[in-house]
Amino acid sequence: MEALQPPPKTIGFLANPNKQDAAEWVTALREKFIDGGAAVVLEAQTAELVGETGLPASEIGLEADLLIVLGGDGTLLYTANDIRPNIRPVAGINLGTLGFLTCATLSASQQFVDDILRGDFQITPRSILSVTVDHGNGEAPDTYYALNEFTIARGNALRMVKLEVKIGGETLTNYHADGLIVATPTGSTAYALSAGGPIVAPGSDVFTITPICPHAISNRSFLLPDDCEIEILPEHGMGDHMIITVDNHTCIDLDPAKATIRATRAPYELPLVTMEGHRFYEVLRDKLGWHGSSVKK
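The structure displayed is predicted, hence computed values, not measured ones.

A look at the environment of His 278
- Along the chain, His 278 falls in the loop between β17 (260–274) and α7 (280–288).
- Separated by 173 residues in the primary sequence, His 278 and Thr 105 place their C-alpha atoms 10.0 Å from one another.

Below is the structure:
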């Protein structure tokens, strides 16, 4: 296979410390890369697994040309947030079965190392959602970043949430639902898919808005250009608090009487590494079991 990228000279490692045998795989893969002529740097928690010291996640991109993430899709979502602002291409090795974001499994680790060192991989830029939450308390709004999605949902109450959604300042509709998911193309195969949203190919310049169990059966998932500002206004008469979750790793409490949420495409992207045989459509067919007709003949 012809080299697609400049071979990286320095590899950064970030591992999920809660994954079984993570320390052993960090050691084994580091040795493979060093034997192949690359330098290796470790993120701080990853370094602790092997009794060493390392760099903060936000700084490892200053030293490394490419980052290896050992874990699963969830680990990669955490990493995408933690490595800001020093973004580098990210390649995930799944310590279980192949996910939508990871590009290799442990069973193919040697081939993975060889391909990375030769530059035999591709990079797919993945769009990021920038989510700004104004709590209406006189303090500066908080900004969060989502590779997959952010979700607005009820807190402890059993009642539906009521949300007005505006696109570019114009009202789209008022949702009465258990919650609302705003997703990137990357997140279209995650929570949004479970809620009935469409599968969107990476690189599509769209976001999706998907209600969770809407009261009105006509409320369906909606695609919109990702250059629009999305504004979400909770109904002020609601007495029960609400929550926002961002990529399932950050949870924010909301007072619906005061809060306003705005979302736009972030000014940066995550460069995600993909390998031959583990591209989006192959993974899609494998994970969703798309093998032609399910009707027995």
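There is more to say, and it comes next.
Section: the pattern of salt bridges
- Enumeration according to the criterion identifies 9 salt bridges in this entry.
- The shortest N-O distance in the salt bridge between Asp 115 and Arg 118 comes to 2.7 Å. With Asp 115 and Arg 118 both in helix α5 (residues 109–118), this residue pair falls 3 residues apart, about one helical turn.
- Since its relative accessible area comes to 42%, Arg 118 is described here as partly exposed.
- Notably, a salt bridge pairs Asp 205 with Arg 265, separated by 3.4 Å at the nearest N-O pair. Here the residue Asp 205 occupies a position in the loop between α6 (191–194) and β12 (206–212), and Arg 265 occupies one in strand β17, the gap between them amounting to 60 residues.
- Salt bridges linked by common partners bring Asp 205, Asp 226, Arg 265 and Glu 269 together as one network.

A few points about the nonpolar core
- Among the nonpolar cores identified, the biggest contains 27 residues, and Phe 150, Ile 152, Ile 209, Ile 230, Ile 232 and Ile 244 are the most heavily contacted of them.
- If you tally residues by element for this core, the top one is strand β9 (residues 161–167), at 4 residues.
- Not counting residues up to four positions away in its chain, the partners in contact with Ile 244 are Val 133, Phe 150, Thr 151, Ile 152, Thr 250, Cys 251, Ile 252, Leu 254 and Ile 261.
- With 26 residues, the next largest nonpolar core counts Ile 11, Phe 33, Val 113 and Leu 117 among its residues.

Rules of the game
- Numbers given for residues are sequential positions, taken from 1 along each chain in its written order.
- Local features are withheld for residues below a pLDDT of 70 in this predicted model, meaning they are given only at 70 or higher, and side-chain atom pairs are given and counted only at 80 or more; totals for whole chains, interfaces and linings count all residues.
- As a rule here, side-chain values cover all heavy atoms of the structure and leave hydrogens and water aside.
- A run of DSSP states H or I qualifies as a helix once it reaches four residues; a run of E qualifies as a strand once it reaches two. Both are numbered from the N-terminal end.
- Throughout this description, the term salt bridge denotes a Lys or Arg side-chain nitrogen within 4 Å of a carboxyl oxygen of Asp or Glu.
- Note on classification: 1.4 Å probe, protein chains only; a residue is buried when its accessible area is under 20% of the maximum for its type, exposed when over 50%, partly exposed between these limits.
- Grouping buried Ala, Val, Leu, Ile, Met, Phe, Trp, Tyr and Cys residues that are joined through side-chain atoms within 4.5 Å yields what is termed a nonpolar core.
- Residue contacts follow a heavy-atom distance rule, with two residues in contact if any of their heavy atoms lie within 4.5 Å.

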